[in-house]
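Given next are the chains, with one letter for each unit.
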Amino acid sequence: MALELIPIGTILAVLTNKIIKTAQAAKDVIDKESFKVLSKHLFDVELVLKDLQLQNLNDSQATMLALEFLESDVKKANNLIEKYKNRSRFYLLVRCRHMVKEVQDVIRDMGKSLAALSLANTEALSRISDQMNRLHNEMQRVEFEASQSQIQITDRLNQGLQDQILDQGFANDMLEKIAMEVGVPLEPSKMSKELADIRKEKEEAANRKERAEAFFLGQVIELLSRADAARDYEEVKKTYNQRVQAIERYDTSEEHIPPLKAFICYLKGTVMVEPVSLCTGTTCERSAIIAWFESGERTDPETREILEDTSWRSNLPLRKSIEEWKELNYCLKIRSSKVKLLSGVETLMLEALSQMQDLMRENYINKDWMAIEGLTDSIINILGTSHNRDVKRRILITLKDLVEGHARNKEEIVESPGWDQILGCLGRDSSISKAAIELLYDLLQERSGWNVSVCKKLAQQCSTTIFLVTLLKGPLKESAEIAEKILLKLFDIDEENISRPAKSGWYKPLIDRIVQGPEKSRIARVRTLLDMELVDSDLKLLGEEGIIPPLLEMLSGSIGSIESSLSALGQLSSCHANKELIAASGGVNLVLKLMDSNVRSIIVAKCYEMLEKFTSDDDGAKFFVDENGSPLEMEPIVSNLIELQPNPNLSYNVRRPALQTLHGICKFDARLVKKAVLTANAISLVLPLLDNTESPIREIAINLLFLFSQHEPDGVVEYLLKPRRLEALVGFLENDEKGDVQMAAAGLLANLPKSEISLTIKLIELGGHTAIINILRRGNMKAKENALSALFRFTDPTNLESQRMLVEGGAYPLLVNVLRSSSVTAKARAAALIGNLSTSSQKLSAASKPTGYWCFKASSGPLCPAHGGICSVTSTFCLLEAKALPDLVRLLYGEVYETSIEAMQTLSTLVVESSPQRGANVLHEADAIKPILETLNWGTDSLKEEALSLLEKIFKSKEMVEKYGSNARLRLASLTSRSIHEDGRHWRKATRVMSLLERYSKSSTSIETILIFL
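Remember, it's a predicted structure, so these values are computed and weren't measured experimentally.

Visitor: Give a description of the layout of surface pockets that names residues and reports values.
Guide: When its volume is computed, the second largest pocket comes out at roughly 810 Å³. Taken together, 32 residues form the lining of the second largest pocket, with Asp228, His406, Ala407, Arg408 and Arg447 sitting closest to its centre. Top contributing element to the lining of the second largest pocket by residue count: helix H18 (residues 407–414), with 5 residues. Among the residues forming the lining of the second largest pocket, the class breakdown is 8 nonpolar, 8 polar and 16 charged.

Put into structure tokens, the structure is as follows:
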């Protein structure tokens, strides 16, 4: 307006009204802090102008000019408001830096105009000069900057546009960040609207001849339109179908349409990507022409014409033509790839896969077009049917390229049969599984990170977890790292998924959560562990990976924590290596203290179950140590375990493991057994348990009584002779399914005094001897050893009736079998038992000898060469008839003291004083005399003494002296050469045997010498 013609008061009034309207409008610009500041300052200026209307302002040229400047500034502010108030949110973000700079400049300009007005009216404005100066200073210092997040987005966007990064991954990332910043949902409909608004902004900029603005917005639109959320898939399909129709005139064998000459850059000689044209019409690649001019050239590269104007512009029509030409070639190659894939020829299929990868590298649109053409479905089908490893691997790699940065392709593959086939490839060889897990990792990702819904779908595949754990433990580091990332994500989504990899042998995540989680979570994870079926190798691995310390720590927590921890520790204690780890951490001591802390019965029961595990596997008290490894005092522990038993209210769940713990400790510590028997009245406290209603309790009790009876059997016989007690013991002997119980029951009988005839009689009445004989048939070796000891009760030579019942029960052949193949202890006991029976043979044989004249009475059978009568196994217990002799002789040749001495004593029963010749001949025929002589070289004192006693009887036979005299003299020489004071007992016996040898010698020198000493 022509301000010089209008009164200054009117000017101020009109300007004030404009400022008010502009300030109000500035408040309505969408969520921009800079416009809010502008509005505030405009309202401040409005107040100043109202004060000025009350002053006597001069209408000097300086005043009018200052008001004119201020009006112009307000107009600029209004224009800015109009420019930005209805702009799209995307536009405001991408132009945020430019916008805040414009607002900042307008405010500063208004501040300058106010300063000019103040200078023009110094006297009139003296009253409000301070106010105007303050406002001027504030407006001059105003400085705006976009938020840090907005700056990061715009910087990355501008850098990407500058570097011409136009791939879909970058587009997806930028669109997502912009949408998140401005608060627009990342949905195709919303994105389409926002991009439509930016297109409108571009058109308006073009109409305003703002070429830079229009170009920039065009670049933004081109980039963001490539993002999944912004693309119209139907439009993509339409474009592809149009291109397919255009190539129908080309033969199916053709894969390339040559470029037009106009498509070739004159400088680079290649097809242009971003063609730009000079003022002369020459077109080159943008990067090439820039480099041309930067090298100092100022001529047209094609015509060599000197250029006064070196500017250039983008040749968009040519660029569009080049892109269409490329797209036609893409379609030709896609068609060719499909033909090759469907051919079934592996070499052609591999060519097609390479071609597909090249197409995707060349242009992102080919990921859509190949999917539209069905190439994705084709290679998925081949993945499921092909047996060629290289084809499978290349398909997986190609699928990875297809889904990389492409949400639609990912979604289609995840929902297709290809999903299961990809997962199946995880279990293939390392090259295929590596490609499969890399593809799977991509399928599990989305723009913002992990795709939770796909991860949940994966978690439902139990077999996949096994494959992932196998890869995690495999030799390929890359595959192992990806497998671990996937598994850990599945755990983050749902902690219940932890159990599956743990069941496959990967326990680290489970242990981590037991170590670090809150108590509720720790208890849940321990229960997960308890639900697993773990073998010894799994338990050992858990211990090695550090699960024991946190479990021990949980013993100081709540009841639920203690209970679950004890259950887990008990399970882990089944592994010997874990017992060592728990003991080394002071775990046994913690459990013992916990039992003394007045806790619930279920906790006590679990404590005893743990102690039972620690004493199992023949470990005894080995693991009863403190955290320093020092042995615990065991006597109080044993006493407590014994004293616990009389309590009638003690539950089975406590009594059984407590008894088993006691047995485990005492089994390998005779000192503790003796202490328990003598000081804790162990036998009297355990004996009543044989009447317990629970068979496991009775079975453990019989095992304990077997141990205790080795030291103090008193009281046991009296107890067993009470009604129904001995029947129970015989029942244990007959229990073939429980070898340890049989062993203990037989051992208990073996330990009881043999002099208790009433016990023996009662056992025979109840068939106890038959049960023991059956143990020799079917029992384990330990049970057989104890059964053999128990049989001595029935082989007492003074009780022929019990011997006969034993033999008639079939014991003899079983004893002979033991001589042939059993432990040393069993062989020795069997030999001794045969000896007991053989002791009665001579007497029984004499009773069966024929009487009267031989010519008037027929013989009942051949006479026994050892006993001189008619012998049999059942009538005379003859060891010759039982075929035991060869096996007894074989024991002598074995040169083992335990068996040799028993065998020799048994063989000695064949050589009786009344007729030593028969027995000696039997031993000679059995080749037994030679090993008897050998024992004089290697045997112990007691064995040598036994051998000399037997030889003294044998060499009463002149025939035996003639056969073995020379050999015997050599053996006896060392014994007789010693002083009588050195070894009197052996010397005397050896001398007597030597005298027998010399009796039949031609020379009497030796005997005379011997008689002197005698």
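Visitor: If you had to explain the confidence of the model for the protein chain to someone new, which residues and values would you point to?
Guide: Residue-level pLDDT values for the protein chain average 85, and 92% of them are 70 or greater. Mean pLDDT across the elements of the protein chain ranges from a minimum in helix H56 (residues 1005–1013), with 39, to a maximum in helix H46 (residues 824–839), with 96. Predicted confidence for residues 852–858 stays below pLDDT 50, and this span has 1 contact to residues more than four positions away or in other chains. This stretch, residues 1003–1014, has a pLDDT under 50; its non-local contacts, to residues over four places away or in other chains, come to 7 contacts.

Visitor: Report on the nonpolar core, specifying residues and quantitative values.
Guide: Core analysis: the largest hydrophobic core is formed by 246 residues, its most contacted members being Leu399, Phe624, Phe708, Leu923, Ile954 and Phe955. Non-local contacts of Ile954, meaning those with residues more than four positions away in its chain, are made with Val911, Ala920, Leu923, Ile929, Ile932 and Met960.

Visitor: How would you summarise the packing of helix H7 (residues 148–162) against helix H10 (residues 211–224) if you had to cite specific residues and measurements?
Guide: One can describe the packing of H7 onto H10 by two numbers: an axis separation of 11 Å at closest approach and a directional angle of 90 degrees. Classed by the angle they form, the pair H7 and H10 counts as roughly perpendicular. Judged by residue contacts, Leu157, Asn158 and Leu161 of H7 engage Phe216, Gln219, Val220 and Leu223 from H10. When the residues that make up the contact of H7 with H10 are grouped by side-chain class, the tally is 5 nonpolar, 2 polar and no charged.

Visitor: Got a sec to walk through the packing of aromatic side chains? Specific residues and values, please.
Guide: On inspection of all chains with the given rule, the structure shows 5 aromatic pairs. Aromatic pair Tyr240 and Trp369: ring centres 5.3 Å apart, planes at 45 degrees, arrangement tilted. A residue pair is termed long-range when its members are at least 10 positions apart, and Tyr240 in helix H11 (residues 233–246) and Trp369 in helix H15 (residues 365–373) qualify at 129 residues. The class for Tyr240 is buried, based on a relative accessible area of 3%. Looking at Trp369, the relative accessible area reads 0%, which means it is buried.

Visitor: Talk me through the environment of Ile397; I want residue IDs and the actual numbers.
Guide: Summarising the element assignment, Ile397 is placed in helix H17 (residues 389–403). Sequence separation of Ile397 and Val922 is 525 residues, and the distance between their C-alpha atoms is 89 Å.

Visitor: Residues and numbers for the sheet that holds strand E2 (residues 283–285), please.
Guide: Sheet strands pair via backbone hydrogen bonds, and the direction of the pair is either parallel or antiparallel. With respect to topology, 3 strands assemble into an open sheet ordered E2-E1-E3, the strand pairing being antiparallel. Where the open sheet ends on each side, the last strands, each with one partner, are E2 and strand E3 (312–314). Ignoring strand direction, the axes of neighbouring strands in this sheet form an average angle of 40 degrees. Two strands pair when backbone bridges link them, and strand E1 (residues 275–278) and E3 are joined in this way by 3 bridges, in the antiparallel orientation. Looking at E3, one finds that Ser277 is bridged to Arg313. Against the sheet, helix H12 (residues 286–294) touches E1, E2 and E3, its axis set at about 95 degrees to E2.

Visitor: Quick rundown of the state of the cysteines? Include the residues and the values.
Guide: For the structure on display, the rule yields 0 disulfides. The thiol sulfur of Cys265 is not disulfide-bonded, and the nearest other cysteine sulfur, from Cys284, lies at 4.6 Å. For Cys265, a relative accessible area of 1% translates into the label buried. A disulfide-free cysteine, Cys279 has its sulfur positioned 12 Å from the sulfur of Cys284, the nearest such atom.

About the criteria used
- What you see as residue numbers is a count from 1 along each chain, following the sequence as written.
- Under the rules for a predicted model, residues below a pLDDT of 70 receive no local features and side-chain atom pairs below 80 are neither given nor counted, while totals for whole chains, interfaces and linings still include all residues.
- With hydrogens and water excluded, all non-hydrogen atoms of the structure serve as input to the side-chain values.
- Lining residues are those with an atom within 4 Å of a point, where the points come from a 1 Å grid over the protein atoms alone and group into cavities, where a 1.4 Å probe fits but cannot get out, or pockets, open sets with protein on both sides within 12 Å along at least five of seven lines.
- Grid points are joined across faces, edges and corners, and a volume is the space filled by probe spheres set on the points.
- Secondary structure follows DSSP: runs of H or I at least 4 residues long count as helices, runs of E at least 2 residues long count as strands, and numbering of each begins at the N terminus.
- Residue polarity follows a fixed list, in which Ala, Val, Leu, Ile, Met, Phe, Trp, Tyr, Cys and Pro are nonpolar, Asp, Glu, Lys and Arg are charged, and the others, Gly among them, are polar.
- One number per residue, pLDDT, summarises how confident the predictor is, and it ranges from 0 to 100.
- Residues are treated as being in contact if the distance between any of their heavy atoms lies within 4.5 Å.
- Put simply, buried Ala, Val, Leu, Ile, Met, Phe, Trp, Tyr and Cys residues joined by side-chain atoms within 4.5 Å make one nonpolar core.
- Classification of residues uses two cut-offs on accessible area relative to the type maximum, computed with a 1.4 Å probe and protein chains only: under 20% is buried, over 50% is exposed, and between them is partly exposed.
- Inter-axis angles, ranging from 0 to 180 degrees, are taken between N-to-C directions of lines fitted to C-alpha atoms, where helices are fitted over the stretch in contact.
- The labels follow the angle: roughly parallel below 35 degrees, roughly antiparallel above 145, roughly perpendicular from 65 to 115, and oblique for the rest.
- For Phe, Tyr and Trp, where Trp contributes only its six-membered ring, two rings pair if their centres lie within 6.5 Å, and the inter-plane angle classes them as stacked under 30 degrees, edge-to-face over 60, or tilted in between.
- Any two strands are treated as partners once DSSP identifies two or more bridges connecting them.
- The disulfide criterion is simple: two cysteine sulfur atoms within 2.5 Å.

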